[in-house]
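# Reading the structure
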Amino acid sequence: MTTLPLRGDHGAFAIETLGLTKRFGARAAVDSVDLRVPTGCAFGFLGPNGAGKTTLIRTVLGLTPASAGTVSILGLPQPDQRVAALAQVGAIIEEPRFHRHLTGRENLAVAAAVRGPEAEGRIEAVLERVGLSDRAAERVGAYSMGMRQRLGIARCLLSDPALLILDEPMNGVDPAGIHELRRMFRDLVDEGRTVFLSSHLLDEIEKTCDAVAIVDQGRLITQGLMSEVAGPVKNTVVIGCDDPERARILLGNHRAVRGVTTAAGRLHVQLVSGNDAAAAVNRTLVEAGLAVFHVEPERVSLEDRFLEITSRLGVAS
Amino acid sequence: MTAHILSRMVSAEFLKLRRRRSLLWWSLILCCLTVPVVYAVLAVLHVTDAAHYGPAGGAENLGHSLEALSLLGGIAGVMIGATAGAGDLGAGVFRDLVATGRSRLALFGVRLPGALALFVPLIIAGLAIATVCSILLAGSLANPSATLVLHYAAWLLVATTLPLILALGISSLLGSRTITVGVLLGWQLAAGPILGQLGFLGRLRDGISVLATDRLLPVPSGRGGDVAASMPLAVALVVIAAWAAVALGAGAWRTRTMDA
């Protein structure tokens, strides 16, 4: 599952690593990772605690040197073109940290001073965008975690980035805030930016992202478009009716059915083809006098997929 | 990197320090408020018992008050330098600044001018207050000459900014403001002067930073003892420069090489 067709105009990935490895002594926190983050999409980066997500981000950004492998950001090889690449990147690593004795606006001024004069001119606009204009004169020490997350995103936006790397941006944000952030991330993608979201909130990643990678124990387990990793299971429907056992017997020899199982009072029916077969199965059940109250394509959620992968690894190790 | 970006980064460093209220107040008290209080006490003593207590001002008392100011200002310098050196690390924003792609050496380099922008005006204000007091309260004593005041000013700046520089470099190296303040105050106020009294160390004592700065005093004081008095001026300047260079070099090296 490595086919990721989304590329920018220049043909490069937003992030591309080849054999990226980061060792701490004998332990490989990141182990020969080949990651490809397409441009212009929201990309979810998933993994259990200690999987190596933050270490990989820190290595990509050059905050710690790689033990082996190569990194390119927006097509620019690292660390050779680090300055040019990072000028187009906004990042939150682990959690947004600030000088607590400074106000939100002053913290942005400090970051903008390092970025350059264009960034200084964006301070008010980014505060407005994350909804902190009214609280920008307050000390960050008085901010909630959710406000700090939003201020962190504002700091990322100071550079008008082509790529945002956000490590657990939903942490500490209330449901309404999560909804706002999700919408903001989609807006950022609509503007042509790439949003790289590292998170353990599988549901949020599934709702927000177009593509996803899963890491565990420092290794990249899978990556691909969200529809490839999670979503409808091909030619499989879930049927609810008033007599599942009789329905199972009826469909056992049906020519449109490849296989049928029951779970939690529902039939999981593998079809030989798509919609026509589903309609034929439904017709058969109705004509047999069964009350069919539920027919939908079977879906595998990102959470199912994630748990399947990580638990399989757990058994293997 | 343009001069504009550099100046904005220095301003940001200054802002980070200036907005620390407790640091600002303590620095203000140490540099500007203690000296007039001492002069006021001396003046009251002189007024109430002129037979035992001479005028509070005059050139000699200026020297004494500035020696006290060098100690207190040195403490303020250590606090400001340590905060400037470890502030970003302590707040956890260093990695965010590194992730902008800006050179780590530039991030380190702007700390010193930012710290000096806060500290130097305070210490100059303290010097000005002491000078005014010494003139106003001179009474029958000789006023300090302009040359003497300028000489004291040069010495005072060196004697108080060196601890600031040491603190900045060491806190950048250690990443800890608290440890740096403890170590440097111990060195400045206790270890350095005590080592200076150990005769068996001979000329090795020339390497003690506190004694090297005392060599620059316009009027030799008892504090530096024979070592400071007999130290060649060039040696004193080299020792001071070496201490500053080693501290800043260590801080720059650590800032450049540490995991962010």
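Before any of the text, the structure's been laid out above.
Residues numbered from 1 in each chain as written. Chains lettered and ligands numbered in written order. Predicted model: local features only at pLDDT ≥ 70, side-chain atom pairs only at ≥ 80, totals over all residues. Heavy atoms only, no water.

## Focus on the overall build of chain B
To keep things clear, this is the line we draw: Numbering goes from the N terminus for both helices and strands, where a helix is a DSSP run of H or I of at least four residues and a strand is a run of E of at least two. C-alpha atoms define the radius of gyration in this analysis, and the globule rule sets the expected value at 2.2 Å times the number of residues to the power 0.38. Partly exposed residues are those whose accessible area sits between 20% and 50% of the maximum for their type, while under 20% is buried and over 50% is exposed, using a 1.4 Å probe and protein chains only. Should any heavy atoms of two residues lie within 4.5 Å, those residues are considered in contact.
On a plain count of helices and strands, chain B comes out with eleven helices and zero strands. Going from N to C terminus, chain B has its helices and strands arranged as α-α-α-α-α-α-α-α-α-α-α. On C-alpha atoms alone, chain B measures out to a radius of gyration of 20 Å, which is about the 18 Å that the 2.2 N^0.38 rule sets for 260 residues. With the principal axes as the frame, chain B shows a C-alpha extent of 65 × 45 × 30 Å. Within the span of chain B, comprising 260 residues, buried residues form 50% of the whole. Partitioning the contacts of chain B with sequence separation of at least 6, the portion at a separation of at least 24 is 78%.

## Quick word on the sheet that holds strand 14 (residues 266–271) of chain A
Each strand in a sheet pairs with its neighbour through backbone hydrogen bonds, running either in the same direction (parallel) or in the opposite one (antiparallel). All names here are of chain A. Spelled out, the test is: Two strands make a pair as long as DSSP finds a minimum of two bridges between them. Only C-alpha atoms enter the line fits that serve as axes; for helices the fit covers just the stretch in contact. Angles between N-to-C directions range over 0 to 180 degrees.
Here we have four strands laid out as an open sheet, ordered 13-14-12-15, and antiparallel in their pairing. Two strands bound the open sheet, and with one partner strand each, they are strand 13 (257–263) and strand 15 (292–300). The average angle at which neighbouring strand axes cross in this sheet is 30°, direction not considered. Where strand 12 (residues 231–241) lies against strand 15, seven bridges are found, and the strand directions are antiparallel. The residue bridging Gly 240 from the neighbouring strand is His 294, located in strand 15.

## Examining the side chain of B:Arg111
All names here are of chain B. What counts here: A positive count includes Lys and Arg, and a negative count includes Asp and Glu. His and the chain ends are not counted in either. A pair is scored as a salt bridge if a Lys or Arg side-chain nitrogen falls within 4 Å of a carboxyl oxygen belonging to Asp or Glu.
Within the secondary structure layout, Arg 111 lies in helix 6 (residues 111–136). Buried charge Arg 111 goes without a salt bridge, the closest partner of opposite sign being Asp 88 at 4.3 Å. Leaving out residues up to four positions away in the same chain, Arg 111 has contacts with Glu 13, Ala 84, Gly 85, Asp 88, Phe 94, Leu 168, Ser 172 and Thr 255.

## Description of empty space enclosed by the protein
Going by this rule: Site definitions follow a grid-based scheme: protein atoms alone, a 1 Å grid, a 1.4 Å probe that fits but cannot get out for cavities, and for pockets an open set with protein on both sides within 12 Å along at least five of seven lines, plus lining residues having an atom within 4 Å of a point. Grid points are joined across faces, edges and corners, and a volume is the space filled by probe spheres set on the points. For this classification, Asp, Glu, Lys and Arg are treated as charged, while Ala, Val, Leu, Ile, Met, Phe, Trp, Tyr, Cys and Pro are nonpolar and the rest, including Gly, are polar.
What the rule picks out here adds up to four cavities of 30 Å³ or more. Reported here for the largest cavity is a volume of approximately 160 Å³. Surrounding the largest cavity, 15 residues form its lining, A:Ala111, A:Arg155, B:Asp96, B:Leu97 and B:Thr100 being those nearest its centre. Broken down by secondary-structure element, the contributors of at least two residues to the lining of the largest cavity are strand 7 (89–92), helix 3 (104–115) and helix 6 (145–157) of chain A together with helix 4 (94–98) of chain B. When residues of the lining of the largest cavity are assigned to their parent elements, the largest contribution, four residues, is made by helix 3 of chain A. Tallied by class, residues from the lining of the largest cavity come to eight nonpolar, four polar and three charged.

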